[in-house]
Amino acid sequence: MVLTRLSRRALIGAGACTILAGLALRGVQAEQSLLPVTSQCGDGDEPTPRQTEGPYFTPNSPERTNLFEDGMPGERLALAGFALDRRCRPVAGALLDLWHCDSTGEYDNQGYRLRGHQFSDAQGRFVFETIVPGRYPSRTRHFHLKVQAPGRDILTTQLYFPGEPDNARDWIFSEALLLDLKQDAAMTVGRYDFVLDIG
């Protein structure tokens, strides 16, 4: 996995990366207030692009911020960001449902391993602690997410990793859905701010 330059959805300052990584290690729910209090976006941003759900979605995932399990192989990663409206205002209580394959490219289709959901806080912030997903033959490395503001339509999309050789061969891949990655001493931090088509 190759780290790349930061885009406009970048982490706010070098210190934010360290805070996020430490946050994931100490327990996301208890420390979520340490996330940066502002996002980096502009009024009138385009909504986050929709993408296919794919064949492996399982409804009714457990509510949790930590998808990592003891002994689970794979590189640790904190996936963090904001849920925002088109005017760059935070969306509190937005549902974020995450699922992805394990480090070998396998999905758990019998249970809820590497599946979970949470709700954004009052500032629209979220953090998942998980691992970097593996690759499988027809796809590049990616996360699946559903994001829904309270009482609004569901955004189904995917997030991608910069510098992956399979990005160019994956017909679903979109540069607009690239994570901003920073490497901390403890783990990789991936940042993406979702702009929902509201407001």
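Just above sits the structure.
Residues numbered from 1 in each chain as written. Predicted model: local features only at pLDDT ≥ 70, side-chain atom pairs only at ≥ 80, totals over all residues. Heavy atoms only, no water.

Student: I would appreciate a short explanation of the pattern of salt bridges in the present structure.
Tutor: Pairing between side chains of opposite charge can happen when their charged atoms approach one another. Within this structure, the stated rule accounts for 13 salt bridges. A salt bridge links E69 to R113; its shortest N-O distance comes to 3.6 Å. Here E69 is found in the loop between α2 (28–31) and β1 (76–84), whereas its partner R113 is found in the loop between β2 (95–99) and β3 (115–119), with 44 residues between them in sequence. With a relative accessible area of 30%, E69 lands in the partly exposed category. With a relative accessible area of 30%, R113 lands in the partly exposed category. Across the pair R135 and E164 runs a salt bridge whose closest N-O atoms are separated by 2.8 Å. Here R135, found in the loop between β4 (125–131) and β5 (142–148), pairs with E164, found in the loop between β6 (154–160) and β7 (180–183); they are 29 residues apart in sequence, far enough to count as distant. Three or more residues joined by partner-sharing salt bridges are found here, namely R135, R141, E164, D166 and R169. (Salt bridge = Lys/Arg side-chain N within 4 Å of Asp/Glu carboxyl O. Helix = DSSP H or I, 4+ residues; strand = E, 2+ residues; numbered from the N terminus. Buried < 20%, exposed > 50% of the residue type's maximum accessible area, 1.4 Å probe, protein only.)

Student: Please clarify how the pairing of β6 should be interpreted in this entry.
Tutor: Along a regular strand, successive side chains alternate from one face of the sheet to the other. Taken across its seven residues, β6 has six buried, putting it largely inside the fold. Relative to β6, β5 is paired through seven bridges, and the arrangement is antiparallel. In the strand pairing of β6, K146 is matched with T156. (Pairing = 2+ DSSP bridges.)

Student: Mind showing me how you'd approach the environment of L114 here?
Tutor: Take L114: it is sitting in the loop between β2 and β3. Sequence-wise, L114 and T130 are 16 residues apart; in three dimensions their C-alpha atoms are separated by 7.2 Å. If near-sequence neighbours (up to four positions away) are discounted, L114 is found in contact with R64, L67, M72, L98, W99, H100, C101, D102, T130 and I131. (Contact = heavy atoms within 4.5 Å.)

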